[in-house]
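Residue-level listing of the chains:
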Amino acid sequence: MNTKIEKYINSGILEAYVTGAATADEERLVLQLKQQHPEVRRALYRLETDMELLAQSMAILPPPGSWDKIEAEIDALIAHEKPVPQPFSERQQTYNPPPQDNAPGYIDMESESNHIRVHKAWKWVLAAVFILGKIFLGTAIYFYLENRQAQQQIKDLKTEIKALK
Amino acid sequence: MNQHIALANSSSTTRAVYDEYAGLLLGYIYEVVKDQHTAEQYLVSVFNELPQHLHSIVQPGANVYQRLQLIARKMLAGFFETIPACNPGDKSHLPARPNKFLHRMSEEEQLIFCNIHYNGKSISTLALELNKPEEAIKKILQQAFAAIRRPA
């Protein structure tokens, strides 16, 4: 093992880092050396395991309601999360020349849509036509029934007249 | 929309981390604040903060518990200032519940470990308070860790 690294590991700085007692500069150096030297990585792993072992021996089961409080907070965060507006950027208007005949990359095709576009004013006209249609239909049914009843009455009267004769 | 998905995913990851480590962290916080209700409040606060730190916590090579403990330590910074320093000869600075690992340490190791781990002091602050060089404090802290590993 590199003597310098061995000295560094044995200085107690890694223990300070693991407990959060090291300075910001010391933390940066530890992380840098962790990347460069497997010995530092192994030593840190061992210390982190020690801390976890100590924590396990003193663990307390959280009360059942704790997670609900955390979840409610996260859910509220999700509910209130709004899309971040994109910074304004002016679109660059560039001149695109019209495609020339026989220009490669363009295919002529006919497009056909099943929908028609009408002016909004037609909405009221169509509504009026629909309502009037309903009124005419109702009136026609009414007069048809009236007519049928009148025919029946005439028929009855004729029968009565015949009977009187 | 992608933020929404990320948040939704972070919720499930936070739950997984909670299931695994909440008990360990609550045990640590309790030994700092010495009150069940306050400890639970700090625990909830740590996990509410967690989605912001998930990237660094779950990255390969990172120790999840150690990262959680550092978040808790930062949150407890204000509380650390309100508690008295661990006092040599006064056993009240030790965790409220007996712990086999801490009992393996010498009094000096317990004092340094307690001041750093449960009282949130930095090496430099402790060195000033105890009138010792920082190197000496680090060395004693290292011995305290060796004591945790020492067979009973």
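Residues numbered from 1 in each chain as written. Chains lettered and ligands numbered in written order. Predicted model: local features only at pLDDT ≥ 70, side-chain atom pairs only at ≥ 80, totals over all residues.

Description of the overall build of chain A
Item 1. Scanning chain A from N- to C-terminus turns up 6 helices and 0 strands.
Item 2. If you list the helices and strands of chain A from N to C, you get α-α-α-α-α-α.
Item 3. Here chain A, with 165 residues, has 15% of them falling under the buried criterion. (Helix = DSSP H or I, 4+ residues; strand = E, 2+ residues; numbered from the N terminus. Buried ≥ 20, exposed ≤ 12 C-beta atoms within 10 Å, placed from the backbone.)

Here we look at the nonpolar core
Item 1. In this structure, L25, I29, L43, V46, A72, I112 and L141 of chain B are the most contacted members of the largest nonpolar core, which totals 61 residues.
Item 2. Of the residues forming this core, the biggest block, 12 residues, is contributed by helix α1 (residues 2-33) of chain B. (Core = buried A, V, L, I, M, F, W, Y, C linked by C-beta atoms within 7 Å.)

Focus on the interface of chain B and chain A
Item 1. Listed as interface residues are 45 residues of chain B and, on the opposing side, 36 residues of chain A.
Item 2. Elements represented by at least two residues in the side of chain B that touches chain A include exactly α1, α2 (36-57), α3 (64-75), α5 (100-103), α6 (107-118) and α8 (134-149) of chain B.
Item 3. Among the elements that take part in the side of chain B that touches chain A, α1 of chain B stands out by supplying 15 residues, more than any other.
Item 4. Split into classes, the residues belonging to the side of chain B that touches chain A amount to 22 nonpolar, 14 polar and 9 charged. (Contact = placed C-beta atoms within 7 Å. Nonpolar A, V, L, I, M, F, W, Y, C, P; charged D, E, K, R; others polar.)

Regarding helix α6 (residues 122-164) of chain A
Item 1. In a regular helix each residue adds 1.5 Å, so 43 residues correspond to 63 Å; α6 of chain A covers 62 Å between its end C-alpha atoms and thus fits that length.
Item 2. Within α6 of chain A, only 0 of the 43 residues are buried, which leaves it mostly out in the open. (Expected span 1.5 Å × (residues − 1).)

A short note on the environment of S45 of chain B
Item 1. In this fold, S45 of chain B is placed in helix α2.
Item 2. For the pair S45 of chain B and I71 of chain B, spaced 26 residues apart in sequence, the C-alpha separation works out to 9.8 Å.

Topic: the environment of L130 of chain B
Residue and element names in this part refer to chain B.
Item 1. Looking at the element boundaries, L130 is found in helix α7 (residues 123-130).
Item 2. Look at L130 and you get partly exposed, because 18 C-beta atoms sit within 10 Å.
Item 3. Sequence spacing of L130 and I112 is 18 residues, and the spatial spacing of their C-alpha atoms is 9.6 Å.

As for the confidence of the model for chain A
Item 1. When pLDDT is averaged along chain A, the result is 83, and 77% of the positions lie at 70 or above.
Item 2. Mean pLDDT across the elements of chain A ranges from a minimum in helix α5 (residues 65-80) of chain A, with 81, to a maximum in helix α2 (residues 13-19) of chain A, with 94. (pLDDT = per-residue confidence, 0-100.)

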